[in-house]
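Examination of the molecular architecture
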Amino acid sequence: VELVESGGGLVQAGGSLRLSCAAHGSAFSVKTMGWYRRAFGNLRGTRELVATIDSDDSINNADSVKGRYTLSRDSGKNTVYLRMNNLAPDETAVYYCNLISTRRLACWGQGTRVTVSS
(Lines give C-alpha, C1' and ligand atoms only; values in the text may rest on other atoms or scores of the structure.)
Protein backbone atom coordinates (compact mmCIF):
# COMPACT_ATOMS: atom_id res chain seq x y z
CA VAL A 1 0.00 0.00 0.00
CA GLU A 2 1.31 3.44 -0.89
CA LEU A 3 0.06 6.62 0.73
CA VAL A 4 0.24 9.78 -1.36
CA GLU A 5 -0.06 13.01 0.60
CA SER A 6 -0.65 16.51 -0.66
CA GLY A 7 -1.73 19.93 0.52
CA GLY A 8 0.99 21.05 2.88
CA GLY A 9 2.66 24.44 2.60
CA LEU A 10 3.10 27.83 4.17
CA VAL A 11 0.21 29.69 5.74
CA GLN A 12 -0.12 32.67 8.05
CA ALA A 13 -1.43 32.26 11.56
CA GLY A 14 -5.20 32.09 11.50
CA GLY A 15 -5.22 30.67 8.01
CA SER A 16 -6.38 27.34 6.66
CA LEU A 17 -5.02 24.40 4.75
CA ARG A 18 -6.44 21.14 3.48
CA LEU A 19 -4.38 17.98 3.43
CA SER A 20 -5.23 14.96 1.32
CA CYS A 21 -4.03 11.40 1.55
CA ALA A 22 -4.83 8.74 -1.02
CA ALA A 23 -4.08 5.07 -0.49
CA HIS A 24 -3.01 3.14 -3.54
CA GLY A 25 -2.52 -0.56 -3.90
CA SER A 26 -4.44 -3.75 -4.20
CA ALA A 27 -5.93 -6.38 -1.97
CA PHE A 28 -6.41 -4.26 1.11
CA SER A 29 -9.32 -2.90 3.08
CA VAL A 30 -9.07 0.16 5.27
CA LYS A 31 -9.83 -0.08 8.96
CA THR A 32 -8.51 3.32 9.99
CA MET A 33 -6.94 6.28 8.20
CA GLY A 34 -5.83 9.57 9.54
CA TRP A 35 -3.11 12.04 10.36
CA TYR A 36 -0.34 12.41 12.87
CA ARG A 37 2.26 15.15 13.16
CA ARG A 38 5.72 15.77 14.48
CA ALA A 39 7.25 19.17 15.05
CA PHE A 40 10.27 20.16 12.97
CA GLY A 41 12.52 20.31 16.00
CA ASN A 42 11.40 16.88 17.15
CA LEU A 43 11.86 14.76 14.05
CA ARG A 44 13.04 11.79 16.07
CA GLY A 45 10.23 12.06 18.58
CA THR A 46 6.88 10.34 18.71
CA ARG A 47 4.27 11.34 16.20
CA GLU A 48 1.32 13.08 17.80
CA LEU A 49 -2.21 12.03 16.94
CA VAL A 50 -4.16 14.66 15.01
CA ALA A 51 -7.26 12.82 13.85
CA THR A 52 -8.29 9.40 12.58
CA ILE A 53 -11.41 7.98 11.02
CA ASP A 54 -12.58 4.40 11.11
CA SER A 55 -14.42 2.42 8.48
CA ASP A 56 -17.65 3.04 10.40
CA ASP A 57 -16.97 6.80 10.10
CA SER A 58 -16.24 7.26 13.78
CA ILE A 59 -13.64 9.98 14.26
CA ASN A 60 -11.01 10.40 16.94
CA ASN A 61 -9.67 13.96 17.26
CA ALA A 62 -6.91 15.28 19.44
CA ASP A 63 -8.36 17.69 21.98
CA SER A 64 -6.16 20.49 20.64
CA VAL A 65 -7.79 20.39 17.19
CA LYS A 66 -11.44 19.89 18.09
CA GLY A 67 -13.61 22.57 16.56
CA ARG A 68 -10.89 23.66 14.12
CA TYR A 69 -9.91 20.58 12.15
CA THR A 70 -12.31 18.45 10.14
CA LEU A 71 -11.39 14.98 8.95
CA SER A 72 -13.44 13.36 6.24
CA ARG A 73 -13.05 10.49 3.85
CA ASP A 74 -14.05 9.25 0.44
CA SER A 75 -14.17 5.52 1.00
CA GLY A 76 -14.58 4.82 -2.71
CA LYS A 77 -11.23 6.49 -3.38
CA ASN A 78 -9.50 5.35 -0.17
CA THR A 79 -8.78 9.01 0.46
CA VAL A 80 -8.97 11.15 3.57
CA TYR A 81 -9.04 14.92 3.79
CA LEU A 82 -8.01 17.06 6.74
CA ARG A 83 -9.30 20.60 6.75
CA MET A 84 -7.34 22.71 9.21
CA ASN A 85 -8.69 26.10 10.22
CA ASN A 86 -7.33 28.85 12.44
CA LEU A 87 -3.82 27.44 12.38
CA ALA A 88 -1.29 28.57 14.95
CA PRO A 89 2.53 28.75 14.67
CA ASP A 90 2.97 25.93 17.17
CA GLU A 91 1.18 23.64 14.74
CA THR A 92 4.10 23.89 12.36
CA ALA A 93 5.09 20.29 11.79
CA VAL A 94 5.46 17.44 9.37
CA TYR A 95 2.05 15.84 8.99
CA TYR A 96 2.00 12.12 8.28
CA CYS A 97 -0.81 10.08 6.86
CA ASN A 98 -1.42 6.73 8.48
CA LEU A 99 -3.42 3.72 7.37
CA ILE A 100 -4.27 0.56 9.23
CA SER A 101 -5.80 -2.19 7.17
CA THR A 102 -8.32 -4.77 8.33
CA ARG A 103 -5.40 -7.19 8.45
CA ARG A 104 -3.60 -4.86 10.87
CA LEU A 105 -1.05 -3.73 8.29
CA ALA A 106 0.14 -0.25 9.25
CA CYS A 107 1.48 2.18 6.65
CA TRP A 108 2.87 5.69 6.82
CA GLY A 109 3.16 8.37 4.21
CA GLN A 110 6.35 10.31 3.59
CA GLY A 111 4.98 13.35 5.37
CA THR A 112 3.96 16.79 4.19
CA ARG A 113 5.32 19.95 5.76
CA VAL A 114 2.99 22.54 7.21
CA THR A 115 4.52 25.85 8.22
CA VAL A 116 2.44 28.43 10.06
CA SER A 117 4.03 31.87 10.20
CA SER A 118 3.27 34.35 12.94
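This text goes with the structure placed above it.
Reading guide: rules and limits
Here the residue index of a chain counts from 1 through its sequence in written order. Restriction of local features to residues with pLDDT of at least 70 applies here, the model being predicted, together with a cutoff of 80 or more for giving and counting side-chain atom pairs; totals for whole chains, interfaces and linings are based on all residues. As a rule here, side-chain values cover all heavy atoms of the structure and leave hydrogens and water aside. Here, nonpolar core refers to any group of buried Ala, Val, Leu, Ile, Met, Phe, Trp, Tyr and Cys residues whose side-chain atoms link them within 4.5 Å. Burial status follows relative accessibility: with a 1.4 Å probe on protein chains alone, a residue under 20% of its type maximum counts as buried, one over 50% as exposed, and anything between as partly exposed. Labels follow the DSSP assignment, with helices taken as runs of H or I lasting at least four residues and strands as runs of E lasting at least two, numbered in each case from the N terminus. In this description, contact between two residues means that some pair of their heavy atoms is separated by no more than 4.5 Å. A pair of sulfur atoms, both from cysteines and within 2.5 Å, is called a disulfide here. Only centres within 6.5 Å qualify two rings of Phe, Tyr or Trp (six-membered ring in Trp) as a pair; their planes then separate them into stacked at under 30 degrees, edge-to-face at over 60, and tilted for everything else. A ring is scored as having a charge over it whenever the NZ atom of a lysine or the CZ atom of an arginine sits within 6 Å of its centre and within 35 degrees of its normal. At least two DSSP bridges between two strands are needed for those strands to be called paired. A fitted line through C-alpha atoms serves as each axis, taken over the contacting stretch for helices, and the angle formed by two N-to-C directions is quoted from 0 to 180°.

1. Quick look at the nonpolar core
Counting 28 residues, the largest nonpolar core has Met-33, Trp-35, Leu-82, Met-84 and Tyr-95 as the members making the most contacts within it. Elements with a contribution of two residues or more to this core: strand 3 (17-24), strand 4 (30-38), strand 5 (48-54), strand 7 (69-74), strand 8 (79-84), strand 9 (93-101) and strand 11 (112-117). Filtering out sequence-adjacent residues up to four positions away, Tyr-95 remains in contact with Glu-5, Leu-19, Trp-35, Tyr-36, Arg-37, Val-50, Tyr-69, Met-84, Gly-111, Thr-112 and Val-114.

2. Topic: the state of the cysteines
Structurally, a disulfide amounts to a covalent bond that connects the sulfur atoms of two cysteines. Under the defined criterion, the tally for this structure stands at one disulfide. The disulfide bridge from Cys-21 ends at Cys-97, spanning 2.0 Å between sulfur atoms. The sign of the S-S torsion, about -85°, decides the handedness of the disulfide formed by Cys-21 and Cys-97: left-handed. One end of the pair, Cys-21, is in strand 3; the other, Cys-97, is in strand 9, and 76 residues separate them in sequence. One exposure class covers both Cys-21 and Cys-97, and it is buried. A disulfide-free cysteine, Cys-107 has its sulfur positioned 9.4 Å from the sulfur of Cys-97, the nearest such atom.

3. Describing the packing of aromatic side chains
Counted under the stated rule, the structure contains one aromatic pair. Lying over the aromatic face of Tyr-96, Arg-47 brings its terminal NZ or CZ to 4.4 Å of the ring centre. Across the ring face of Trp-108, the terminal group of Arg-47 is positioned such that the distance to the ring centre comes to 4.0 Å.

4. Re the pairing of strand 3
Along strand 3, six of the eight residues are buried, which leaves the element largely enclosed by surrounding structure. In the sheet, strand 1 (residues 2-6) pairs with strand 3 via five bridges, with the strands oriented antiparallel. Within strand 3, the residue paired with Ser-6 across the bridge is Ser-20. Across six bridges, strand 3 lies against strand 8 in antiparallel orientation. When the sheet's bridge partners are listed, Leu-19 is paired in strand 8 with Leu-82.

5. Thoughts on the sheet that holds strand 7
Read from one edge of the open sheet, four strands run 1-3-8-7, paired in antiparallel fashion. Lying at the two open borders of the sheet, with one neighbouring strand each, are strand 1 and strand 7. Neighbour to neighbour, the strand axes of the sheet diverge by 15° on average, direction disregarded.

6. A closer look at the environment of Met-33
Relative to the helices and strands, Met-33 resides in strand 4. Since its relative accessible area comes to 3%, Met-33 is described here as buried. Remark: the alpha-carbon pair of Met-33 and Ile-53, spanning 20 residues in sequence, is separated by 5.5 Å. In this view, Met-33 contacts Leu-3, Cys-21, Ala-23, Thr-52, Ile-53, Leu-71, Asn-78, Val-80, Cys-97, Asn-98 and Leu-99; residues no more than four positions away in its chain are not counted.

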